[in-house]
Amino acid sequence: MLLPMTGLGSETMSQKIVAGIVEPVAIGASRIVVDAKLDTGADTCSLHARNIQTFDRDGGKWIRFDVASRDGGSSTIEAPVLRTVRIKGDDRGIPRRPVIRLRLCLGKVDREVDVNLADRKNYSYPLLVGRNFLAGHVVVDS
């Protein structure tokens, strides 16, 4: 249950929502809903992407991938690749991850942020929401 922060003696706190460790998040233009783990220790967001295909469009690198929703549906997303990154602490020799700009909506917080695409099939949640989305907008109540 997401609650606005009020009565804490700070105007900036009244604009934030309180969220738990796991919350439903709508992603992309299709607003497909996935379960997400909110992680204040992660710098950025990471999304499980399936059927990844890269291609050229308008002189730039693009990526197309599928995302499974929490209700068993699926959505295909296309976006320009902003860059690739190596994730801290990932010593498994996995290639660099593509980063795209993606709209995420958690409660009343609706923001476009950088998201890296990863194979998260061995994790409990397909989306990890990091500080680049949370900071200044969401307080996580563990």
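Up top you'll find the structure we're talking about.
Parameters and conventions
Residues numbered from 1 in each chain as written. Predicted model: local features only at pLDDT ≥ 70, side-chain atom pairs only at ≥ 80, totals over all residues. Heavy atoms only, no water. Pairing = 2+ DSSP bridges. Helix = DSSP H or I, 4+ residues; strand = E, 2+ residues; numbered from the N terminus. Axes fitted to C-alpha atoms, helices over the stretch in contact; angles between N-to-C directions. Buried < 20%, exposed > 50% of the residue type's maximum accessible area, 1.4 Å probe, protein only. Contact = heavy atoms within 4.5 Å. Polar contact = N/O pair within 3.5 Å; in protein donor to acceptor, adjacent residues only side chain to side chain. Salt bridge = Lys/Arg side-chain N within 4 Å of Asp/Glu carboxyl O.

Asker: So what's going on with the sheet that holds strand β7 (residues 60–68)? Which residues, and what values?
Answerer: Strand order in the open sheet made by the 3 strands is β6-β7-β8, with antiparallel pairing throughout. Sheet topology places β6 (50–57) and β8 (74–80) at the edges, where each strand pairs with a single neighbour. The mean inter-strand angle of the sheet, taken between neighbouring strand axes irrespective of direction, is 20°. Relative to β7, β6 runs antiparallel, the two sharing 6 bridges.

Asker: Provide a residue-level description of the environment of Asp35, including the pertinent values.
Answerer: Along the chain, Asp35 falls in strand β4 (residues 32–38). The class of Asp35 is partly exposed, set by a relative accessible area of 26%. With 35 residues separating them along the chain, Asp35 and Arg70 place their C-alpha atoms 6.4 Å apart. Leaving out residues up to four positions away in the same chain, Asp35 has contacts with Glu23, Pro24, Arg70, Tyr125, Pro126 and Leu127. At 3.2 Å, the side chain of Asp35 forms a polar contact with the side chain of Arg70.

Asker: I'd like a rundown of the pattern of salt bridges, residues and numbers included.
Answerer: Side chains bearing opposite charge may pair, as long as their charged atoms lie close to each other. Overall, the coordinates contain 12 salt bridges when judged by the stated rule. With a shortest N-O distance of 3.1 Å, Asp114 and Arg83 are connected by a salt bridge. Of the two residues, Asp114 is situated in strand β11 (residues 109–118) and Arg83 in strand β9 (residues 83–85); the sequence distance between them amounts to 31 residues. Looking at Asp114, the relative accessible area reads 16%, which means it is buried. A salt bridge links Arg103 to Glu112, with the nearest nitrogen and oxygen atoms 3.9 Å apart. Taking the relative accessible area as the measure of exposure, Arg103 reaches 33% and is therefore partly exposed. What you see here is one network of salt bridges that share partners, running through Arg31, Arg83, Arg101, Arg103, Asp110, Glu112 and Asp114.

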